[in-house]
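Descriptive analysis of the structure
Below are the chains, spelled out letter by letter.
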Amino acid sequence: MTAAASPSAPVGAAPPAVWPPRRAVAAWILFDWSTQPFFTLITTFVFAPFFASALAGDAAQGQALWGYATGLAGLCIALLSPVLGGIADRTGPRKPWIAAFGALLVTGSAMLWFAVPGSPWAVTVALAGFVLATVGAEFATTFNNAMMTRLVPPERLGWLSGTGWAVGYLGGLLSLAITLGLLAADPQTGKTLAGMAPVLGLDAAAREGDRFSGPLTALWFVVFVTPMFLLTPDSPPTGLRLAEAAQGGVGRLRATLAELPKLPALGRFLLANMIYQDALVALFAFGGIYAAGVFGWQTIELGVFGILLTVTGTIGAWLGGRLDDRIGGKPVILGAIACLLVACLGILSLGADHILFVVPAAPSVPGSGLYDSLPEKVYLGLGLLIGLVAGPLQAASRSLMARLAPEGRIGEFFGLFALSGKVTSFMGPTLVALATSAFASQRAGLAVLILFFLAGGWLLAGVTVRRA
C-alpha cells in the first residue's frame, strides 16, 4: 500500500514518470555490495571475535564491551535518524548525505588497523572506530534506502530490495573469502585458510590479518559505492537552504510523531520493526563471539562458518524478494521470525559437551578438523538457518516500509524506519551485555533475544497491510 501524497511534500519528491535505466538501478544495488563487508568482516565474523579473544580480557568481557559499544552507536542513530531524514526530504538530494556518512564509515573502519594487541589504547581505538563506522554505515544506508521509490514501480520494490540484499551478501562473501584465504592467518600455524602465509607481509602473530579487515572494508566501500554516485539519479534540489530545512525538519518530525496514531498500521509496523530488528542486530553482533567463547573457534572456523552462512543468506534474500512481491512482506517477515526463534532456542541448548540442554555429546578434540563435535555441527546448522531467513526479514521490512511511506516524505519515514530499528538497538546489546556480566555466562546474555523476537512477531501479526 502506498499512502496518498502529503500536502507538504517537497518539490520533486514524487516518483518519476519515466523510470531510470537498468544501469542506474544496478548502480544503486551495488551500494549494498559496498557496505556489506563492514557487517560481515567487522561486526560479525573477523574483527568482533578478534576483539573478544585477543584484545579484551576474556570472551565474556569482550562480549559485554562490544555490546556497550553497539548500544552507544544505536543510541546515536536513534536520536538523529528521523530528524536528518526529514531534512533530506526538504532539501531533496540524498547523495551528499551518503557521501558524508560514508566518510565516517571509511574513517572508523580504517582506525581498526591500529588496535594492536598489547597496546594500552587497543580496546579504546577498536571500540571508537567501531562506533564511528557503525554510525556512518547505518546513516548512509538510511539515505540510500530513501532512493528506492524513484527507481522501480511499487510492484517491483520486493524484487529491488531482495536483490540488493542478495548482492550485498555476495559482496560480504567475496570479502570474507579474500580475508580468510589471503590475509587472516591462524596465530598458531601462521597459515591462512588457503594454507599459505598472509600476503602483503601481514604478521599472523600480531593478528595483522584480522586488523586489516578494517582498511579492506574502507577501500571496498570507496570503490564500489562510486557507480551509485555516477549513474543513479538523485532527487532534485528543492531550493531550501540547509538551515531552513533543519528548522522545518524538526517541526515536521514532531508533527509526524503526532500523526502516527492516525496511521495505526504504519505505527504498529514501526514498533514491531523496532523490536525484532533489535534482536537480529544483537544476534549477529554476538554470534561469532558466542562461538569463540563456547567452542573456542578461531578465525578459520569462524570464517568458514561465515562463508557458509553468507551463501545461505544470499539464496534467502534473493528468494525472499520474489516471495515478497508474490505474497507480501508481512508473511515473509513472520515466517523469518518463527525460524529465528527456533534457532535461538537451539543455540541456547548447546554447550561444548551437550546438545538440547541435557543430552551429553563428545566435545571437540584438538586437531580433529573443522566442526568435529556434534554440538559444533548443530551450531553450524542453526547458523545456516539464521542466514537463510535474515536476508528475507531485512529485505521485506525495507520494501514494506517503502510501500507504506507517504509519497514525498520517503526520507522522513525511512528516518523513522531507521529510528524504529535503532531506538532500542542500544537496549538489546546492552541487555545482552548486562546479563552476560551479571551471570558471567554468554548463554544468559543471548536468552533475552527470544523475548524480543516473540514481541516483534506478535506486534507485526496485528498489522493490516493492503497490497498495491
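Residues numbered from 1 in each chain as written. Predicted model: local features only at pLDDT ≥ 70, side-chain atom pairs only at ≥ 80, totals over all residues. Heavy atoms only, no water.

What to know about the packing of helix H1 (residues 22-45) against helix H4 (residues 95-111)
Remark: H1 packs on H4, axes separated minimally by 12 Å, with the N-to-C direction vectors making an angle of 30 degrees. Judged by the angle between their axes, H1 and H4 are roughly parallel. Read as a crossing pair, H1 and H4 show a hand that is left-handed. Only Ile98, Leu105 and Ser109 of H4 make contact with H1, whose side of the interface consists of Phe31, Thr35, Phe38 and Ile42. Residue composition of the contact of H1 with H4, grouped by class: five nonpolar, two polar and no charged. (Axes fitted to C-alpha atoms, helices over the stretch in contact; angles between N-to-C directions. Helix = DSSP H or I, 4+ residues; strand = E, 2+ residues; numbered from the N terminus. Parallel < 35°, antiparallel > 145°, perpendicular 65-115°, else oblique. Left-handed = near helix turned anticlockwise from the far one by under 90°. Contact = heavy atoms within 4.5 Å. Nonpolar A, V, L, I, M, F, W, Y, C, P; charged D, E, K, R; others polar.)

Observations concerning the packing of helix H2 (residues 47-55) against helix H5 (residues 122-145)
Viewed as axis vectors pointing N to C, H2 and H5 meet at an angle of 160 degrees, and their least axial separation amounts to 11 Å. It follows from the interaxial angle that H2 and H5 lie roughly antiparallel. For the pair H2 and H5, the crossing hand works out as left-handed. Contacts between H2 and H5 involve Phe47, Phe51 and Leu55 on the former and, on the latter, Ala122, Val123, Ala126 and Leu127. Of the residues that constitute the contact of H2 with H5, the class distribution is seven nonpolar, no polar and no charged.

Some details on unusual backbone geometry
With glycine set apart, most residues show a phi of negative sign, and most peptide bonds adopt trans. A positive phi angle is found at Leu200, which is not glycine, with a value near 65 degrees. Within the fold, Leu200 resides in the loop between helix H6 (157-183) and helix H7 (208-211). Phi at Arg207 is positive, roughly 55 degrees, even though this residue is not glycine.

What about the environment of Phe45?
As for its position among the elements, Phe45 is in helix H1. Overall, the relative accessible area of 4% leaves Phe45 in the buried class. For the pair formed by Phe45 and Gly303, sequence separation is 258 residues and the distance between their alpha carbons is 6.1 Å. Once residues lying within four places of it in the same chain are set aside, the contact partners of Phe45 are Thr40, Leu176, Leu302, Phe305, Gly306, Leu309 and Thr310. (Buried < 20%, exposed > 50% of the residue type's maximum accessible area, 1.4 Å probe, protein only.)

Notes on the side chain of Ser109
For Ser109, the location among the structural elements is in helix H4. Separated by 2.8 Å, the side chain of Ser109 and the backbone oxygen of Leu105 make a polar contact. Setting aside chain neighbours within four positions, we find Ser109 in contact with Phe38, Ile42, Gly129, Ala133, Gly214, Pro215, Thr217 and Ala218. (Polar contact = N/O pair within 3.5 Å; in protein donor to acceptor, adjacent residues only side chain to side chain.)

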